[in-house]
Amino acid sequence: MGQEERIQNAYRGLGGKQTFYDGMITCSTLSGQAVCRLIWGMDRAETQDYLSAALAGIPEGFSGRLLEVPVGTGILTMPLYREMPEAEITCLDYSPEMLERAKCRSEGLSHVRFQQGDVGVLPFGDGSFDIVLSLNGFHAFPDKEAAWREIFRVLRPGGTFCGCFYVRGQNRRTDWLIRRLYVPKGWFTPPFETADSLGHRLEETFGPAKVRMVQSMASFVCRKAKEKHP
Ligand SMILES: C[S@@+](CC[C@H](N)C(=O)[O-])C[C@H]1O[C@@H](n2cnc3c(N)ncnc32)[C@H](O)[C@@H]1O
């Protein structure tokens, strides 16, 4: 089985269990809170903390072009997009099941469009977006170098790249559970960044970056320097 099929199968299962998935990603249901505590050593306030830090790159009332990759079930961003009717938003994901769920959530949001695809081969021109948002994606992407390259390419010079994902080396229990559980399931794919390697990569690739660590989650906001080249 190829990487794409393996990951699509893994998220087909989760997309089918939306209530569980959404509760886990927001740390809001009982089962979700149990996962957050056991795997991530986090409570709801910490979950909201890292998500707010990741979303801090999007200004209030944003009215430009935004790419979200991967959108998953849209649980984290559809409420936000309701507050940005002037923006032009594109949401992309590998998994048709996750996308379907996000589409259902987007009722009435004519400024949000959805596309199935691979972050490693983005079907957009250079500099197409003012903001690229990537929540909980890089720990799942199979070809991370291609993802970094493509996100850099489609972001306009001066644009903002923000998001969050798992980094190893912060909590031994989390790292062990990720290796033993999430990787075999196909939900996460190594290699994983550390907090330090992420900081360096963002600064070297994009420019000045703000990184905030909450347990094993790194949230970041950075701006693509006008003179940067891949
Ligand atoms: C943990 S979910 C995160 C989704 C959403 N951002 C959230 O926080 O709920 C990871 C998502 O990455 C998607 N994904 C994995 N590899 C991908 C790729 N190469 N291109 C696009 N999406 C991918 C999966 O289909 C899945 O929906």
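To keep things clear, this report deals only with the structure shown in the data block. Quantities reported herein were computed from a predicted structural model and do not represent experimental measurements. (Residues numbered from 1 in each chain as written. Predicted model: local features only at pLDDT ≥ 70, side-chain atom pairs only at ≥ 80, totals over all residues. Heavy atoms only, no water.)

## A short note on the pairing of strand β6 (residues 209-214)
On a regular strand, one side chain projects to one face of the sheet and the next to the other, so that they alternate. Two elements, β6 and strand β7 (residues 217-223), share 6 bridges in a ladder whose sense is antiparallel. Pairing of M213 across the sheet is with A218, part of β7. Between β6 and β7, which pair antiparallel in sequence order, lie 2 residues; one of them, Q215, sits at a positive phi of approximately 50°. (Pairing = 2+ DSSP bridges. Helix = DSSP H or I, 4+ residues; strand = E, 2+ residues; numbered from the N terminus.)

## Focus on the environment of D196
Take D196: it is sitting in helix α9 (residues 195-205). Between the C-alpha atoms of D196 and G169, which are 27 residues apart in sequence, the distance is 9.7 Å.

## Regarding the nonpolar core
One finds W40, L66, Y81, I178, Y182 and F188 to be the most contacted residues of the largest nonpolar core, which totals 47 residues. With 4 residues, the single largest contributor to this core is helix α8 (residues 172-185). Non-local contacts of Y182, meaning those with residues more than four positions away in its chain, are made with M24, V35, I39, W40, L177, W187 and F188. Ranked by size, the runner-up nonpolar core spans 26 residues in total, among them F124, V132, A147 and F152. (Core = buried A, V, L, I, M, F, W, Y, C linked by side-chain atoms within 4.5 Å. Buried < 20%, exposed > 50% of the residue type's maximum accessible area, 1.4 Å probe, protein only. Contact = heavy atoms within 4.5 Å.)

## Describing the side chain of H139
Structurally, the position occupied by H139 is in the loop between β4 (129-135) and α7 (144-154). For H139, the side chain forms a polar contact with the main-chain nitrogen of Y166, separated by 2.9 Å. Excluding residues within four positions of it along the chain, H139 makes contact with K144, F165, Y166, W187, F188, T189 and F192. (Polar contact = N/O pair within 3.5 Å; in protein donor to acceptor, adjacent residues only side chain to side chain.)

## Observations regarding the site of the ligand
The environment of the ligand is formed by 19 residues, the closest being Y21, P70, D93, L135 and N136. D93 is positioned such that a nitrogen or oxygen atom in its side chain is 2.6 Å from an oxygen atom of the ligand. Residue N136 places a side-chain N or O atom 2.8 Å away from an oxygen atom belonging to the ligand. When the ligand is considered free in solution it has 600 Å² of accessible area, and contact with the protein chains removes 98% of it. Those elements that place two or more of their residues in the shell around the ligand are α1 (3-16) and α2 (18-26). Here the residues of the shell around the ligand sort into 13 nonpolar, 4 polar and 2 charged. (Near = heavy atom within 4 Å. Areas by Shrake-Rupley, 256 points an atom, 1.4 Å probe, with all protein chains shown as cover. Nonpolar A, V, L, I, M, F, W, Y, C, P; charged D, E, K, R; others polar.)

Treat this as a map of the structure, not an account of what it does.
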